[in-house]
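# Examination of the molecular architecture
Letter by letter, the chains look like this.
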Amino acid sequence: NAGVTQTPKFQVLKTGQSMTLQCAQDMNHNSMYWYRQDPGMGLRLIYYSASEGTTDKGEVPNGYNVSRLNKREFSLRLESAAPSQTSVYFCASSEQGETQYFGPGTRLLVL
Amino acid sequence: GENVEQHPSTLSVQEGDSAVIKCTYSDSASNYFPWYKQELGKRPQLIIDIRSNVGEKKDQRIAVTLNKTAKHFSLHITETQPEDSAVYFCAASGSARQLTFGSGTQLTVLP
C-alpha cells in the first residue's frame, strides 16, 4: 500500500516549456487535489477533483490544467511554464471533506 | 469561501515547555479540523483532528480544542521535544467540503 505517489520528484524547466506532473493513489479515495507550497504561503489549492469525471478550480488555477484520468490518477499540466510557477507541488487524496493524505511532492524550478 | 487564520507564524520554546498554536475560521458550517505537521523537505502529515461535535481531543502529548461559538481551535503540545520542531498547519473543512489551510507555524524546540 504505497498511499499517494508523485512523479517526478524534481524538475527544472525553461520558461515556456510544458510538463505534466503525475499523481496516483491506491486508497480508493474519491477526491484528489493539487496544491502548491511557496515559502511562507502555506498550501494553496490549485485544482481538485471531488470524484472521478469531475474537476474544479481552486484558489490559484491560472496557468494550470488537470485531468482525472481514472479513480486512481490525477495529473497536473503546465502548458507554458513561468518563473512564478517555481514551487513545491503536492498531490493529496481523501474521502470528500475528510483527512487528506499527501504525496511526497514535486520540486519544480522554472528558469 | 472559508478563511483560516493561524497564529503565531513562528514559535520558539524550551525543551520540556508547552507550545500552543491558534487558528480561527470563518465558515460556521465547517465541521472538520485537522492539524498537520511538516518536517523540512517532507510532506504534510496528519497528527490529530477534531470534529465539530467534540470540544477536545487528546493523543499522548498532543491535544486539540475547539470553540465553535468563537470559531477558533488550538493545538497544544506538552513536554516538547526537539523532534517536535517542524511547521504545523491547521485546516478547516467548510461548506464546500474542501480543506482550507492556515499559513503555518514554524515551531522550534530549543535544547
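This is a predicted model, so every value here is computed, not measured.

A count of helices and strands for chain A gives zero helices and 11 strands. Starting at the N terminus and walking to the C terminus, you meet the elements of chain A as β-β-β-β-β-β-β-β-β-β-β. Its C-alpha radius of gyration of 13 Å places chain A within 12% of the 13 Å reference for a compact globule of 111 residues. When its C-alpha atoms are laid out on the principal axes, chain A stretches across 35 × 25 × 25 Å. Residues counted as buried form 50% of the 111 residues belonging to chain A. Put simply, of all contacts in chain A between residues at least 6 apart along the chain, 55% involve residues at least 24 apart. Surface accessibility of chain A: about 5,000 Å² in total, with carbon and sulfur atoms responsible for 50%. Side chains of chain A give 10 positive and 9 negative charges; the mean places of these two sets differ by 9 Å.

Of the residues in chain A, 97% reach a pLDDT of 70 or more, and the chain-wide mean stands at 94. When mean pLDDT is compared element by element in chain A, strand 8 (residues 74-78) of chain A scores highest at 98, while strand 5 (residues 42-49) of chain A scores lowest at 93.

Residue and element names in this part refer to chain A. With antiparallel pairing, the four strands of this open sheet are ordered in space as 1-3-8-7. Strands with a single pairing partner mark the edges of an open sheet, and in this sheet they are strand 1 (4-7) and strand 7 (64-68). Here the average twist between neighbouring strands, direction ignored, is 20°.

Let's shift gears to the interface of chain B and chain A. Each partner contributes to the interface: chain B provides 19 residues, whereas chain A provides 18 residues. Surface buried jointly by chain B and chain A totals about 1,600 Å² across both partners, of which 48% is contributed by carbon and sulfur atoms. In terms of surface lost to chain A, no three residues of chain B exceed R43, R97 and Q98 of chain B, which account for 35% of the buried area on that side. Linking chain B to chain A there are zero salt bridges. Joining chain B to chain A, the criterion identifies seven residue pairs in polar contact (both at pLDDT 80 or more). When residues of the side of chain B that touches chain A are traced back to their parent elements, those giving at least two are strand 4 (32-38), strand 5 (45-51), strand 9 (86-93) and strand 10 (99-101) of chain B.

Another aspect to go through is the environment of S75 of chain A. Residue and element names in this part refer to chain A. Along the chain, the position of S75 falls in strand 8. Residue classification places S75 among the buried residues on the basis of a relative accessible area of 7%. When the C-alpha positions of S75 and E52 are compared, they lie 13 Å apart, and in sequence the two are 23 residues distant. Not counting residues within four places of it along the chain, the set of residues in contact with S75 comprises T20, L21, Q22, W34, N65, V66, S67 and L69.

Enumeration over the complete set of coordinates arrives at 13 aromatic pairs over all chains. Their ring planes at 45° and their centres at 4.8 Å tell us that Y25 of chain B and F33 of chain B sit as a pair that is tilted. Overall, F33 of chain B belongs to the buried group, its relative accessible area being 0%. Taken together, the ring pairs connect Y33, Y35, Y48, F90 and F102 of chain A together with Y36 and F101 of chain B into an aromatic cluster.

Residues and elements named next belong to chain A. On the surface, a cluster of nonpolar side chains totalling about 280 Å² of accessible area is made up of V12, L109 and L111. Here L109 lies in strand 11 (residues 106-110). On the basis of relative accessibility, which here comes to 36%, the residue L109 falls in the partly exposed class.

Another point: the nonpolar core. Counting residues in hydrophobic clusters, the biggest one holds 23 residues, and the most contacted among them are W35, F73, L75 and L107 of chain B. Only strand 2 (10-14), strand 3 (19-25), strand 4, strand 5, strand 7 (62-67), strand 8 (72-77), strand 9 and strand 11 (105-110) of chain B provide two or more residues apiece to this core. Residues contacting F73 of chain B, with those up to four places away along its chain left out, are I21, K22, C23, Y25, F33, W35, T65, L66, C90 and A91 of chain B. One finds Y64, V66, Y89 and C91 of chain A within the second-largest nonpolar core, a separate group that totals 20 residues.

Conventions adopted
Residue indices begin from 1 for each chain and proceed along its sequence in written order. Chain labels run from A onward and ligand labels from 1 onward, assigned in the order the entries are written. Where totals are concerned, whole chains, interfaces and linings use all residues; where local detail is concerned, this predicted model gives features only for residues with pLDDT of at least 70, and gives and counts side-chain atom pairs only at 80 or more. Water and hydrogen atoms play no part in the side-chain values, which are based on all heavy atoms of the structure. By the criteria applied, helices consist of DSSP H or I runs no shorter than four residues and strands consist of E runs no shorter than two, each listed in order from the N terminus. Two things to know: the radius of gyration comes from C-alpha atoms, and the globule rule equals 2.2 Å times the number of residues to the power 0.38. Note on classification: 1.4 Å probe, protein chains only; a residue is buried when its accessible area is under 20% of the maximum for its type, exposed when over 50%, partly exposed between these limits. Note on definitions: a residue-residue contact is assigned when non-hydrogen atoms from the two residues lie within 4.5 Å. Residue-level accessible areas treat just the shown protein chains as cover; the underlying method is Shrake-Rupley with a 1.4 Å probe. All tallies of charge rest on Lys and Arg as positive and Asp and Glu as negative; His and the ends of each chain are not included. A single reference atom marks each charge: NZ on Lys, CZ on Arg, CG on Asp, CD on Glu. Per-residue confidence from the predictor is reported as pLDDT, a score between 0 and 100. A pair of strands counts as paired when DSSP detects no fewer than two bridges linking them. Whenever a helix is involved, its axis is fitted only over the stretch in contact; in every case the axis is a line through C-alpha atoms, and angles between N-to-C directions fall within 0 to 180 degrees. A 1.4 Å probe defines the accessible area here, and the buried area is the portion of it lost by two parts on being joined, summed over both. Any carboxyl oxygen of Asp or Glu within 4 Å of a side-chain nitrogen of Lys or Arg constitutes a salt bridge here. Two N or O atoms count as a polar contact when they lie within 3.5 Å, although within protein this holds only if one can serve as hydrogen donor and the other as acceptor, and sequence-adjacent residues are included solely when both atoms are side-chain atoms. Each Phe, Tyr or Trp ring (for Trp, its six-membered ring) is paired with any other whose centre lies within 6.5 Å, and the angle between the two planes then decides the class: stacked below 30 degrees, edge-to-face above 60, tilted in between. Patch membership requires more than 30% relative accessible area and the absence of a salt bridge. Residues of like charge join within 9 Å; the nonpolar side chains Val, Leu, Ile, Met, Phe, Trp and Tyr join within 5 Å. Only buried Ala, Val, Leu, Ile, Met, Phe, Trp, Tyr and Cys residues count toward a nonpolar core, and they belong to the same one when joined by side-chain atoms within 4.5 Å.

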